[in-house]
Amino acid sequence: TRVNTLELEIDTRCWYSNSRTLEANLCTLFNHRPAYVSLVLAFLSLCSGPKLKSCMLSSVPVLSWLPRYSLRDNAIGDLISGISVGIMHLPQGMAYALLAAVPPVFGLYSSFYPILIYFIFGSSKHISVGTYAVMSVMIGGVTERLAPDTNFMMYDNATNQSMVDVLARDTERVKVAAAVTFLSGLFQMLLGLVQFGFVVTYLSEPLVRGYTTGAAIHVIVSQLKYTFGISPKRHSGPFALIFTVIEVCYLVPETNIGTLVVSLVSIIGLVMVKELNTYLGKKLPVPIPVELLGGEYGVEVVGEIPSGLQPPVMPTASLFGQVIGDAFALSVVGYGIAISLGRIFALKYGYKVDSNQELIALGLSNTIGGVFQCFAISCSMSRTMVQESTGGKTQVASALSAMVILVIMLWIGALFEELPKAVLAAIIYVNLQGMMKQFMDIPTLWKSNKVDMLVWVATLILTVLFNPDIGLAASIAFSMLTVIFRTQLPKYSLLGQVPETDIYRPVENYNQVNEIPGVVIFRSSATLYFANAEMYQDALAEKSGIDITKLISQKKKAEAKRLRKEKKEARKAKKDAKKNAQEWVRRRSGTEEIIPVCNVLGECEPDSSENEVEKGVATVEEGSKPDSTLPRAIILELSPVNFLDTVGVKTLRNVSRLHALISILLNLLTCSASLPPSISLYVL
């Protein structure tokens, strides 16, 4: 209130020169309270012209590139691309709505609202966001779990049978889909605001490709009921896909022949035209919109497509607690797929995609889309390839594709009410063709990296056996385990010098390198930490040929023998001194004359038997000395070690201490600057 009553005229052009005057006025305003003054000054500094402009341009990328949009260079390509992708959105949106277990028209909504939001906030120029098969099947698992058919059974007096209240069921499923989409968008926005875009680094390419292949199998199995015209029971939980396949096989005799024929004809036609598009890709100005040609063979199963747009409705908050895990999985999967494709095209065309901004853009798309009853979206490879191949250069193409969907929803949506679900299922099968070709990754990875191949296969199996959400978590855990195992079981080697150079290479891999006499150079291919510290010591002993335990044991035995000899000599000297004293007393008393063995100082000549014993002891002690063939020094080459935990530091200290006991010097070489300073005493 007091700020409003004080008229402060601040000339932003003189901000820095008048900062002291402003500070004095603020001190007067806030009764010289430094905390309030500092807060206001910090706020004004952040809201100064250049910083505010930079913040706005980075948060709303469309403000940076749209004013510089070149109509001459980009307009034609974006127009053709937008129409082509918009035509693809129509059948894919309705088909993927079946995967999400919601009415087909909501697939059209999901192909409109989120695209416009991404157009404003997205940083990629080429990806086509919208409905995506993997995301849709994950949504479908949630909607069918929380709104199963059994919850909407009603008794039909006309037929005296129980039947599903389809309208009530679909209404509830739309609420569930909107709730999980809204919550997944909030997760993505939160991760983006806290700069958590690096989370995608845990989704390696083999993991993503194996996961999408496994999810594609889930999609195919879920559409078998539309292909054969049967109604299998829904299974949930682990091995649900296996149970579904078994039941589909059991119901095959009940196949609707008409539906099967429509499906087969649609699949064959779609595949043939897809291959024709591939073969004539450079000659055709735009791909043939084959997805639209199947509607003429259909059965009336899609149903009513209402014209117009839905009013915004806030999602049902009571559902959030039941879908929070699914929402987080959706947020990670959707972001991982979108950023992967975005980076591919950014690298190809020489621009940068902001990973955190992508999280915010997708989060806003899903959050606002959830308010308009959309289901979660991501990036589609097939649409992105069409958008790029037909000349699309900016997100204007995506905005134009959304306009195509808007025209369909407002005026011509009713024309597609006769499209059979069997044709939509066929469209899904054909669009998954690219994902199924990913099985060819297995022989390629086998030749290049067997661990990555193992991650791919394990991810596929885990995703197929479990639901896509649980399969994703298990796959990430397995991928992390492979990293741990690779660091826990690294390759250890001894380094030798390439003649007449300062280059050192592993002696087991190069036959022309020479080890330096008296020096062992040891290297591990991984960092040193608690998981491999013990194996590091064992490998050092094996490679260097130094059995520290045996040598130290020999040294301790020799030391023990030396101590026993000294004690024996001390006891003998004491005994001889006592005996000599007695002899001296007897001689003085004249009782008898005995030649003393020792003089009065206790210096005695040992007898022959004692000489033999001492020679034996001396011989044993001499044999316990370290072998002269042992190295004078050991050098630990630590270039792969990028961090050391407390166990690693203790391991290096222990190695140094043990080798010092056998007179071998330990040195560390090529240490990273990030290593603890406590090991600096050993650094060369």
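Remember, it's a predicted structure, so these values are computed and weren't measured experimentally.

Trainee: Run through the pairing of strand 8 (residues 633–637), naming residues and quoting values.
Mentor: The two faces of the sheet receive side chains in turn, since in a regular strand these alternate between them. Across the five residues of strand 8, five count as buried, placing the element largely inside the fold. The side-chain alternation of strand 8 yields two buried faces, one formed by Ala-633, Ile-635 and Glu-637 and the other by Ile-634 and Leu-636. Pairing of strand 7 (residues 519–524) with strand 8 involves five bridges; the strand directions are parallel. Within strand 8, the position partnered with Val-520 by the bridge is Ile-634. Here five bridges tie strand 8 to strand 9 (residues 665–669), and the two strands are oriented parallel to one another. Paired with Leu-636 across the two strands is Leu-668, which belongs to strand 9. In this fold, strand 8 hands off to helix 26 (residues 646–661), which returns the chain to strand 9; that crossover is right-handed.

Trainee: Break down the sheet that holds strand 7 for me, with residues and values.
Mentor: An order of 6-5-7-8-9 is seen for the five strands of this open sheet, with the pairing classed as mixed. Each edge of the sheet is formed by a strand with only one pairing partner; in this case those strands are strand 6 (504–506) and strand 9. Between one strand axis and the next, the sheet turns through 30° on average, direction left out of account. Contacting strand 8 and strand 9, helix 26 crosses the sheet at an angle of about 150° to strand 9.

Trainee: Could you give an account of the environment of Leu-540, naming the residues involved and the relevant values?
Mentor: For Leu-540, the position within the fold is in helix 23 (residues 533–544). Between the C-alpha atoms of Leu-540 and Val-520, which are 20 residues apart in sequence, the distance is 9.7 Å. Discounting chain neighbours no more than four positions away, the residues touching Leu-540 are Phe-522, Ile-634, Leu-636, Val-655 and His-659.

Trainee: Describe in detail the packing of helix 23 against helix 26, supporting the description with residues and values.
Mentor: Running from N to C, helix 23 and helix 26 point in directions that differ by 30°, and their axes come no closer than 10 Å. Taken as axis vectors, helix 23 and helix 26 run roughly parallel relative to one another. Judged by the twist between their axes, the crossing of helix 23 over helix 26 is right-handed. Residue-level contacts link Ala-533, Gln-537 and Leu-540 of helix 23 to Val-647, Thr-651, Asn-654, Val-655 and His-659 of helix 26.

Trainee: Residue-level account of the packing of aromatic side chains, with values.
Mentor: On inspection of all chains with the given rule, the structure shows 13 aromatic pairs. Relative to Phe-119, the ring of Trp-65 lies with its centre 5.7 Å away and its plane at 90°, an arrangement referred to as edge-to-face. A residue pair is termed long-range when its members are at least 10 positions apart, and Trp-65 in helix 5 (residues 62–65) and Phe-119 in helix 8 (residues 113–121) qualify at 54 residues. On the accessibility criterion, Trp-65 (18% relative accessible area) is buried. Among the aromatic residues, ring-to-ring pairing joins Phe-112, Tyr-113 and Phe-372 into one connected group. In this structure, Lys-450 is placed above the aromatic ring of Trp-446, and the distance from its NZ or CZ to the ring centre is 4.6 Å.

Trainee: Account for the nonpolar core, naming residues and giving values.
Mentor: Counting residues in each nonpolar core, the largest one holds 94 residues, and the members touching the most others are Met-94, Val-102, Val-134, Met-138, Ile-139 and Val-333. The element that contributes the greatest number of residues to this core is helix 14 (residues 320–349), accounting for 13 residues. Leu-494, Val-520, Ile-634 and Leu-668 belong to the second largest nonpolar core, which has 27 residues in total.

Trainee: Could you give an account of the UniProt feature "transmembrane region" (unreviewed entry) in the chain, naming the residues involved and the relevant values?
Mentor: UniProt marks residues 96–121, 176–198, 210–228, 240–273, 327–347, 359–378, 398–416 and 460–485 with the feature "transmembrane region" (unreviewed entry), using the numbering shown here. Helix makes up 73% of residues 96–121 and strand 0%, whereas the separation of the span's terminal C-alpha atoms amounts to 24 Å. Taken as a whole, residues 176–198 contains 78% helix and 0% strand, while its terminal C-alpha atoms sit 29 Å from one another.

Trainee: Lay out the pattern of salt bridges in plain terms, naming residues and giving numbers.
Mentor: Applying the stated rule across the entire model yields ten salt bridges. Across the salt bridge formed by Asp-170 and Arg-169, the nearest N and O atoms sit 3.1 Å from each other. As far as burial versus exposure is concerned, Asp-170 and Arg-169 are alike and both buried. Here Arg-523 makes a salt bridge to Glu-637, at a shortest N to O gap of 2.9 Å. Here the residue Arg-523 occupies a position in strand 7, and Glu-637 occupies one in strand 8, the gap between them amounting to 114 residues. Of the residues examined, Glu-637 reaches a relative accessible area of 8% and is grouped as buried. Counted as one network, the salt bridges with shared partners bring together Asp-149, Arg-169, Asp-170 and Arg-173.

Trainee: Tell me about the pairing of strand 5 (residues 492–497), and name the residues and values.
Mentor: Summarising burial for strand 5: five of the six residues are buried, a large majority. In this structure, strand 5 lies alongside strand 7, joined through three bridges in antiparallel fashion. Looking at strand 7, one finds that Leu-494 is bridged to Phe-522. Inspection of the sheet shows strand 5 paired to strand 6 by three bridges, in the antiparallel sense.

Trainee: Explain helix 22 (residues 468–488) to me, and be specific about the residues and the numbers.
Mentor: A rise of 1.5 Å per residue sets the reference length of helix 22, with its 21 residues, at 30 Å; its end C-alpha atoms lie 30 Å apart and thus fit the reference within 8%. For helix 22, the set of buried residues is Pro-468, Gly-471, Leu-472, Ser-475, Ser-479 and Thr-482. Burial along helix 22 is one-sided: seen end-on, the buried residues are contained in an arc of 105°. Where the residues of helix 22 are buried, they touch helix 9 (133–146), helix 11 (205–228), helix 14 and helix 21 (450–465).

Thresholds, definitions, all that
- Residues numbered from 1 in each chain as written.
- Predicted model: local features only at pLDDT ≥ 70, side-chain atom pairs only at ≥ 80, totals over all residues.
- Heavy atoms only, no water.
- Buried < 20%, exposed > 50% of the residue type's maximum accessible area, 1.4 Å probe, protein only.
- Helix = DSSP H or I, 4+ residues; strand = E, 2+ residues; numbered from the N terminus.
- Pairing = 2+ DSSP bridges.
- Right-handed = clockwise from strand over helix to strand, strands pointing away.
- Axes fitted to C-alpha atoms, helices over the stretch in contact; angles between N-to-C directions.
- Contact = heavy atoms within 4.5 Å.
- Parallel < 35°, antiparallel > 145°, perpendicular 65-115°, else oblique.
- Left-handed = near helix turned anticlockwise from the far one by under 90°.
- Phe/Tyr/Trp six-rings, centres within 6.5 Å; stacked < 30°, edge-to-face > 60°.
- Lys NZ or Arg CZ within 6 Å of the ring centre and 35° of its normal.
- Core = buried A, V, L, I, M, F, W, Y, C linked by side-chain atoms within 4.5 Å.
- UniProt positions renumbered as here; feature names shortened; annotations may be inferred.
- Salt bridge = Lys/Arg side-chain N within 4 Å of Asp/Glu carboxyl O.
- Expected span 1.5 Å × (residues − 1).
- Arc of directions from axis to C-beta.

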